[in-house]
Amino acid sequence: MAVALIVAAGRGERLGSGRPKALVSLGGRPMLAWSVAALRSVAAVQAIVVALPADALDGAPEGTRAVAGGEHRAHSVRAALRAGAGDPVIVHDAARPLAAPALFEQALDELALSPEADAVIAAAPVTDTIKEVSADGRTVARTLHRARLWAVQTPQVFRRAALEHALDVPDSELARATDDAGLVEAAGGVVHVVGSDPGNLKITTREDLRLAELILAERGG
Ligand code: CTP
Ligand code: MG
């Protein structure tokens, strides 16, 4: 049975609401509650662990286990992983409250059907053309081939042993990681993608929060 880790220990500095982003109100409940509700409706999930700032552990919804997060996101993932038994492991950002239950299920199914994969991540095909710019910050170095570029999201699901191995690196390396699958790749693991859509929005700024409110209102939620 699967364990779900929700990382919610960030400070939400770019949102600037004076409290942890995961606890900011969205559509009438804390942002974190949306991810918990989605995961509760996934049959394979046996437990939900939430990493929160050490001074906000009482913000964990009932029925979830709260742990203190770490300095950087990957430290929070590691703390949550240690607190929850279960295999495979779902890692999800509280900052993506609009992820649908079906997306978690698709990722779990893809992992179950792919013995060669160590992890499966949700990602959306990139719609912008992406160029690499030189270190001078103004000269284009090259244009990447868009058909093969995907914008990475969460959820990301892992075979437990692969995630434990990937996180078993110095703290300084974890501090540089922007996603957990990248750590699995660095350890030589195989990562698959499942197609998501840009509606699985990441809330970073006030504008993102406003957009998420509109999407929820349209969904009738
Ligand atoms: N996160 C975490 N522990 C950290 C840092 C981030 O659990 N030390 C979580 C956040 O709570 C969020 C996700 O990782 O759900 C993605 O991080 P981000 O969007 O950067 O959120 P914040 O760090 O809260 O925002 P900011 O960078 O603006 O402070
Ligand atoms: Mg952050």
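Sequence order as written defines residue numbering, which begins from 1 separately in each chain. For naming, the first written chain is A and the first written ligand is 1, with later ones following in the order written. Restriction of local features to residues with pLDDT of at least 70 applies here, the model being predicted, together with a cutoff of 80 or more for giving and counting side-chain atom pairs; totals for whole chains, interfaces and linings are based on all residues. To obtain the side-chain values, all non-hydrogen atoms of the structure were used and water was disregarded.

Details of the nonpolar core
Then comes step 1: Within this scheme, the nonpolar core is defined by two criteria: the residues are buried Ala, Val, Leu, Ile, Met, Phe, Trp, Tyr or Cys, and they are joined through side-chain atoms within 4.5 Å. With a 1.4 Å probe rolled over the protein chains alone, any residue whose accessible area is under 20% of its type maximum counts as buried; one over 50% counts as exposed, and the rest are partly exposed. In terms of nonpolar packing, the biggest core is built from 30 residues, with Ile6, Leu32, Leu39, Ile48 and Ile90 touching the most fellow members.
Then comes step 2: Of all the secondary-structure elements, those providing two or more residues to this core are β1 (2-7), α1 (31-40), β4 (45-52), α3 (101-113) and β7 (119-125).
Then comes step 3: Strands are runs of DSSP state E lasting at least two residues, helices are runs of H or I lasting at least four, and both sets are numbered from the N terminus onward. The biggest single contributor to this core is α3, with five residues.
Then comes step 4: In this description, contact between two residues means that some pair of their heavy atoms is separated by no more than 4.5 Å. Once residues within four sequence positions are removed from consideration, Leu32 is found in contact with Ile6, Ala8, Ala22, Leu23, Val50, Leu52, Gly59, Pro61 and Ala94.
Then comes step 5: Counting residues in each nonpolar core, the second largest holds 24 residues, with Val7, Val49, Ile121 and Leu174 among its members.

What to know about the packing of helix α2 (residues 73-83) against helix α4 (residues 160-167)
Helices that pack against each other are described as a pair by the angle of their axes relative to one another and the distance between those axes.
Then comes step 1: Between N-to-C directions, angles span 0 to 180 degrees; the directions come from axes that are lines fitted to C-alpha atoms, helices contributing only their stretch in contact. Their axes nearest at 11 Å, the elements α2 and α4 cross at an angle of 135°. Of the possible angle classes, the one that applies to α2 and α4 is oblique. Crossing angle aside, the handedness with which α2 passes α4 is left-handed. Taken together, the residues of α4 that come into contact with α2 (itself represented by Ala74, Val77, Arg78 and Leu81) are Arg160, Leu163, Glu164 and Leu167. An angle below 35 degrees is read as roughly parallel, one above 145 as roughly antiparallel, one from 65 to 115 as roughly perpendicular, and any other as oblique. A clockwise turn of the near helix away from the far one marks a right-handed crossing, whereas an anticlockwise turn of less than a right angle marks a left-handed crossing.

Quick word on the environment of Ser172
Then comes step 1: Position of Ser172 relative to the elements: it lies in helix α5 (residues 171-176).
Then comes step 2: Linking Ser172 and His75, residues 97 residues apart in sequence, is a C-alpha distance of 9.9 Å.

Some thoughts on the side chain of Ser35
Then comes step 1: Inspection of the secondary structure puts Ser35 in helix α1.
Then comes step 2: Accessibility expressed as a relative area gives 2% for Ser35, which makes it buried.
Then comes step 3: Sequence-distant contacts of Ser35, defined by excluding residues within four places in its chain, comprise Ile6, His92, Asp93, Ala94, Arg96 and Pro97.

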